[in-house]
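A look at the structure
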Amino acid sequence: MVGRLEGKVALISGGARGQGRSHAVRLAEEGADIITFDVCGPIDGVPYPAPNQADLDETVRQVEALDRRIVARQADVRDYAAVKAVVDEGVAELGGRLDIVSASAGIFTFGPLAAETTEEDWDTMLDINLKGVWQTVKAATPHMIAADNGGSVVLTSSTAGIKGTYGVAAYTAAKHGVVGLMKTLALELGPQNIRVNSVHPTSVATPMVLNDALYNLFSPDSPTEESFRETMHASHALNVGIIEAVDISNAILWLSTDEARYVTGTQIKVDAGYTTK
């Protein structure tokens, strides 16, 4: 059976592991060839282990096992020249087209209250989680416009892009900023039939979430994965504690198909009711 994305090319930032890898594999399952990149190294102030080259190699293995092509490179979303080089190389290698962008790369940090946050921590968060999203789209959209096939751009925000989150001011500000960027891009790219939307996950079972730092933040009295899952379960309307990365991937897949051909400028919540409860 022909996949829903047969013949299309998708760019995914942050593809070494977690949500980014899940998106790459899920879109490849539906027939897309993949361009992806990741920093593959530590970032100052991030309280959990960074992805590495072996993680990115595993993404390549999983995509190629589906008989799809993939161009995967190391690049930091804060480095526009590096991001553009990866995108340009991938588009050239995969037939000169680009149909889908998933701006997924991001970090999560927390610490003192907003007034006590350092300038360095603030700048790192916004440079990766907001400016990095803009730079990914900036590098990608000229190829989409030149190919004149329309397309889909999906920006990964968060439940923190919808509601305030105590003690994570920089992250919350960046994720709200992604929504404003999405709405403006939807207007700017609409004439080229390029749709732009954002997805807003709750806690997802990835290394960014399943780590001791997050357990201490959300379950300080019992900083374990089990207690963290119980805490999140109580925050959701649905009977679930932490959702899976593929749940976000499926939303991105739908937004990237003709089934969502008139969906643009929209915030898609995949949050088990977290922002409603």
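Residues numbered from 1 in each chain as written. Predicted model: local features only at pLDDT ≥ 70, side-chain atom pairs only at ≥ 80, totals over all residues. Heavy atoms only, no water.

1. Concerning the overall build of the protein chain
When helices and strands are tallied, the protein chain shows eight helices and seven strands. Taken against the 2.2 N^0.38 rule, which gives 19 Å for 277 residues, the C-alpha radius of gyration of the protein chain at 18 Å falls within 12% of a compact globule. Summarising its shape, the C-alpha atoms of the protein chain cover approximately 55 × 40 × 35 Å along the three principal directions. Here the protein chain, with 277 residues, has 53% of them falling under the buried criterion. Of all intrachain contacts in the protein chain linking residues separated by at least 6 positions in sequence, the fraction that spans at least 24 positions is 73%. Carbon and sulfur atoms provide 51% of the accessible area of the protein chain, an area that totals close to 12,000 Å². Here the protein chain contributes 22 positive and 35 negative side-chain charges, whose respective centroids are spaced 7 Å apart. (Helix = DSSP H or I, 4+ residues; strand = E, 2+ residues; numbered from the N terminus. Rg over C-alpha atoms; globule rule 2.2 N^0.38 Å. Buried < 20%, exposed > 50% of the residue type's maximum accessible area, 1.4 Å probe, protein only. Contact = heavy atoms within 4.5 Å. Areas by Shrake-Rupley, 256 points an atom, 1.4 Å probe, with all protein chains shown as cover. Lys, Arg positive; Asp, Glu negative; His and termini not counted. Charge placed at Lys NZ, Arg CZ, Asp CG, Glu CD.)

2. A few points about the packing of aromatic side chains
Each aromatic ring pair is described using two quantities: the centre-to-centre distance and the angle formed by the ring planes. Summed over the entire model, instances satisfying the criterion amount to three aromatic pairs. Geometrically, the ring pair formed by F108 and Y171 is edge-to-face, given 4.7 Å between the ring centres and 80° between the ring planes. With F108 in the loop between β4 (100-103) and α4 (119-147) and Y171 in helix α5 (residues 169-189), this residue pair connects regions lying 63 residues apart in the sequence. A single burial state applies to F108 and to Y171, both of which are buried. A ring pair is formed by Y215 and F228, whose centres lie 5.7 Å apart and whose planes are at 45°; its orientation type is tilted. One end of the pair, Y215, is in helix α6 (residues 212-218); the other, F228, is in helix α7 (residues 225-235), and 13 residues separate them in sequence. When sorted by exposure, Y215 lands in the same class as F228, which is buried. (Phe/Tyr/Trp six-rings, centres within 6.5 Å; stacked < 30°, edge-to-face > 60°.)

3. Here we look at α7
Those residues of α7 that fall on the buried side of the exposure criterion are S227, F228 and M232. In a view along the axis of α7, the buried residues occupy a sector of 135°, so they form one face of it. Away from the buried face of α7 by more than 90 degrees, exposed residues E226 and A234 are located. Contact partners of the buried residues in α7: α6. (Arc of directions from axis to C-beta.)

4. Focus on the pairing of strand β2 (residues 33-38)
Burial analysis of β2 places six of its six residues in the buried class, the great majority of the element. Residue alternation in β2 divides its side chains into two sets, D33, I35 and F37 and I34, T36 and D38, and both sets are buried. Sheet topology places strand β1 (residues 9-13) next to β2; five bridges connect them, and they run parallel. Bridge pairing in β2 links S13 to F37. Traced from β1 through helix α1 (residues 18-29) to β2, the parallel crossover comes out right-handed. Across five bridges, the pairing between β2 and strand β3 (residues 70-74) is parallel. Bridged to I35 within β3 is V71. Traced from β2 through helix α2 (residues 53-64) to β3, the parallel crossover comes out right-handed. (Pairing = 2+ DSSP bridges. Right-handed = clockwise from strand over helix to strand, strands pointing away.)

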